[in-house]
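# Descriptive structure summary
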Number of protein chains: 2
Amino acid sequence: MTTTLYTAAGSVGLASHIALEEINDTGKLDYDLVLLDMQNNEHRGSNYKAINPKARVPSLIVNETVLTETPAMLVYLAQIAPESSLVLPDDPMQFALIQSFNSYLCSTVHIAHAHKYRGNRWVDDEAALAALTANVPKTMTDCCISLEEHFIEGPWVMGNTFSICDPYLFSIAAWLESNGVDMDQFQKIKNHQEIMLTRNSVKSAMQQLQSG
Amino acid sequence: MTTTLYTAAGSVGLASHIALEEINDTGKLDYDLVLLDMQNNEHRGSNYKAINPKARVPSLIVNETVLTETPAMLVYLAQIAPESSLVLPDDPMQFALIQSFNSYLCSTVHIAHAHKYRGNRWVDDEAALAALTANVPKTMTDCCISLEEHFIEGPWVMGNTFSICDPYLFSIAAWLESNGVDMDQFQKIKNHQEIMLTRNSVKSAMQQLQSG
């Protein structure tokens, strides 16, 4: 089996990258890492669009199959490595609550963030784009309030057990400060960042991005 | 076990509603249906927010547990009813491709649609809201091109086998005409709507919404 992750520094691809490194802690999965230069729009070039026509990162290529969308990739990685820290609960509702958290990150929190610099997905008008960007500190703060009050158990997202929610939250939380969120309001998220930074998987992934 | 679906006519709750009716074809799951009046903002009222603080539909309540987010709900329903048409593939990658499709619907296609009337999730400015609304025919047409060219196998989303992707696509496709999409360009989606309308689950769900 050949496995390749296409990702980019600063992207949500960090979630799947950390998940791959969590698996590597058990020595079970070799994979190739391809870092795209998003500043130079490499993800929008014809080479990459032949792989992923959505022109977004990340993509996970397993043999000839292309898998996209972070929530799907995280569950896939957990399922192929049940001996790793990513292991999923057998109980359908416990699994569903993990999926629900990750779905909220992808369809609400990440989307709120995307309105900062990617507003042209939805509108061309310059004034409208500026209005979308200006509102991001408010919408991302609202997302953090929702996450802290209702969804993050602490210290890990699901409580005392690490899960595939944690790399995903960590990847998105990395944007909060530059999104204008006052992190001092959000102690659970700050603590989560701190404990994630102690993990070998996170250290490895971040070193690979820096040297890439 | 008590199961209750909170949904509303015209909402993406239709996907989980159809899934529940698919299960009911095998006679295995009684559930209660609660229809909210979104025109009168019932989903934003304190009664419903005590159930689902996101103030969105749908919510699935199983005993005391509240489950939100359509991709998570569909997989949960499939897992508790493996004898139904919703049955998931055992192969992790085949399951991942189903999840990837549904994640794309929730984080890209549904979000493009939401910019028509729900732009105030991201901006308050009236001119910006009007610009977002005006662009919806273009963004939804782009989504349909992507779905037809790359992701819908036909006749069902995954090819010859019905899956949890189908109720979800059907629910979102119901919005396309009013979103200003020229449906004559999208034969796979039109065919999909037609075969979905022949299913008992779809007929039952739509009757319940009309009489609700």
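Above this note sits the structure.
A brief report on the enclosed structure follows.

Criteria and cut-off values
Residues numbered from 1 in each chain as written. Chains lettered and ligands numbered in written order. Predicted model: local features only at pLDDT ≥ 70, side-chain atom pairs only at ≥ 80, totals over all residues. Heavy atoms only, no water. Pairing = 2+ DSSP bridges. Helix = DSSP H or I, 4+ residues; strand = E, 2+ residues; numbered from the N terminus. Axes fitted to C-alpha atoms, helices over the stretch in contact; angles between N-to-C directions. Contact = heavy atoms within 4.5 Å. Least-squares fit on C-alpha atoms with pLDDT ≥ 70 in both. Salt bridge = Lys/Arg side-chain N within 4 Å of Asp/Glu carboxyl O. 1 Å grid on protein atoms, 1.4 Å probe; cavity = no way out; pocket = protein on both sides within 12 Å on 5 of 7 lines; lining within 4 Å. Points joined across faces, edges and corners; volume = space filled by probe spheres on them.

To continue, consider the sheet that holds strand E2 (residues 32-35) of chain B. Residues and elements named next belong to chain B. Spatial strand order, E2-E1-E3-E4: four strands in an open sheet with mixed pairing. The open sheet has two edge strands with one neighbour each: E2 and strand E4 (65-68). This sheet shows a mean twist of 20° between the axes of neighbouring strands, independent of strand direction. Its contacts with the sheet put helix H1 (residues 13-24) on strand E1 (3-7), E2 and strand E3 (59-62), and the angle it makes with E1 is roughly 150°. In the packing of helix H3 (residues 70-80) onto the sheet, contacts are made with E1, E3 and E4, and the angle to E4 comes to roughly 120°.

Residues and elements named next belong to chain A. What the four strands build is an open sheet, ordered E2-E1-E3-E4; its pairing is mixed. Looking at which strands have only one partner, the edges of the open sheet turn out to be strand E2 (32-35) and strand E4 (65-68). Pairs of neighbouring strands in the sheet enclose a mean axial angle of 20°, with direction left out of account. This element, helix H3 (residues 70-80), spans strand E1 (3-7), strand E3 (59-62) and E4 of the sheet and lies at about 120° to E4.

Superposing chain A onto chain B requires a rotation of 180° together with a translation of 0.0 Å along the rotation axis, leaving an RMSD of 0.0 Å. Between the two chains, the operation in question is that of a two-fold axis. Mapped onto chain B, 100% of the interface residues of chain A again fall at the interface, so both copies present the same surface.

Moving on: the pattern of salt bridges. Once the charged atoms of two side chains with opposite charge are near each other, the side chains can pair. Residue and element names in this part refer to chain A. In this structure the tally under the stated criterion is eight salt bridges over all chains. Its salt-bridge partner being Lys138, residue Asp142 comes within 3.1 Å of it at the nearest N-O pair. Highlighted residues: Asp142 and Lys138, both in helix H5 (residues 126-151), separated by four residues, approximately one helical turn.

Applying the stated criterion across every chain, the model contains two cavities of 30 Å³ or more. For the largest cavity, the calculated volume is near 110 Å³. Lining of the largest cavity is provided by 13 residues; of these, A:Pro71, A:Gln99, A:Ser103, B:Pro71 and B:Gln99 occupy positions nearest its centre. Broken down by secondary-structure element, the contributors of at least two residues to the lining of the largest cavity are helix H4 (92-117) of chain A together with H3 and helix H4 (92-114) of chain B. Top element by residues in the lining of the largest cavity is H4(A). It accounts for five residues.

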